[in-house]
Amino acid sequence: MTTEEIIKLAFDLGNALADSDEVTTLKVLQSKVTSDRTAYDLIMRYQEAKSKLENKYNDGLLVTKAEEDHINILEQQLNANAAIQELMIAQEKFDNLMQAVYFAMNQAISGGCSSGCDSCGGSCHQ
């Protein structure tokens, strides 16, 4: 098989993934969260606070208890927001799909499951 044929198959796989329920749901929920001012602002505040905290860690500076508490409060607010939780669940389902695709490709490259079909349920087609 030529490189060009492999790239075409990868493109076809990308199109199939784009048409999947996981991607469709993820896009809808991303749009929903983006248009939900409360949820979007909460995500932006969390990302900004998290980034500042990481920068302090990376610079070797001490992080105060108040800063850690602020992050914890924001995380609790994220967890309490229904729209954000829906999005996080959809993101996890998409991530699982991508891991399954990567696993299947890896198994095909390596020639099957090294520990037998019990490890993948026979989906690798040894």
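Refer to the preceding data block for the structure.
Model, not experiment: these values are computed from the prediction.

(A) Focus on helix 3 (residues 37-58). Taking 1.5 Å per residue as the helical rise, helix 3 with its 22 residues ought to reach 32 Å, and the 31 Å between its terminal C-alpha atoms agrees with that figure. Those residues of helix 3 lying buried are Ala39, Leu42, Ile43, Tyr46, Ala49 and Leu53. Buried residues of helix 3, viewed axially, fall in a sector of 140 degrees; they line one side. Projecting away from the buried face of helix 3 at angles above 90 degrees are the exposed residues Arg37, Lys52 and Asn58. The opening residue of helix 3, the one whose side-chain oxygen lies 3.1 Å from the backbone nitrogen of Thr38, is Asp36. Backbone geometry just downstream of helix 3 places Gly60 in the positive-phi region, at approximately 75 degrees.

(B) Seen up close, the nonpolar core. Val33, Leu78 and Ile84 are the most contacted members of the largest nonpolar core, which totals 19 residues. Of all the secondary structure elements, the ones that give two or more residues to this core are helix 2 (21-35), helix 3, helix 4 (65-80) and helix 5 (82-110). Those residues in contact with Ile84 that sit more than four places away from it in its chain are Val33, Ala39, Leu42, Ile43 and Leu78.

(C) Highlighting the packing of helix 3 against helix 4. At a minimum axis distance of 10 Å, the contact between helix 3 and helix 4 shows a crossing angle of 150 degrees. It follows from the interaxial angle that helix 3 and helix 4 lie roughly antiparallel. Crossing of helix 3 over helix 4 shows left-handed handedness. The residues of helix 4 that touch helix 3, namely those facing Leu42, Ile43, Arg45, Tyr46, Ala49, Lys50, Leu53, Lys56 and Tyr57, are Glu67, Glu68, His70, Ile71, Leu74, Glu75, Gln77 and Leu78.

(D) Quick look at the pattern of salt bridges. All told, the structure shown has 6 salt bridges when counted by the stated rule. Among the salt bridges present, the one from Arg37 reaches Asp41, with a minimum N-O distance of 3.6 Å. With a gap of 4 residues between them, Arg37 and Asp41 both fall in helix 3, about one helical turn apart. The partly exposed category is assigned to Asp41, whose relative accessible area is 28%.

So, how was this worked out
Residues numbered from 1 in each chain as written. Predicted model: local features only at pLDDT ≥ 70, side-chain atom pairs only at ≥ 80, totals over all residues. Heavy atoms only, no water. Helix = DSSP H or I, 4+ residues; strand = E, 2+ residues; numbered from the N terminus. Expected span 1.5 Å × (residues − 1). Buried < 20%, exposed > 50% of the residue type's maximum accessible area, 1.4 Å probe, protein only. Arc of directions from axis to C-beta. Polar contact = N/O pair within 3.5 Å; in protein donor to acceptor, adjacent residues only side chain to side chain. Core = buried A, V, L, I, M, F, W, Y, C linked by side-chain atoms within 4.5 Å. Contact = heavy atoms within 4.5 Å. Axes fitted to C-alpha atoms, helices over the stretch in contact; angles between N-to-C directions. Parallel < 35°, antiparallel > 145°, perpendicular 65-115°, else oblique. Left-handed = near helix turned anticlockwise from the far one by under 90°. Salt bridge = Lys/Arg side-chain N within 4 Å of Asp/Glu carboxyl O.

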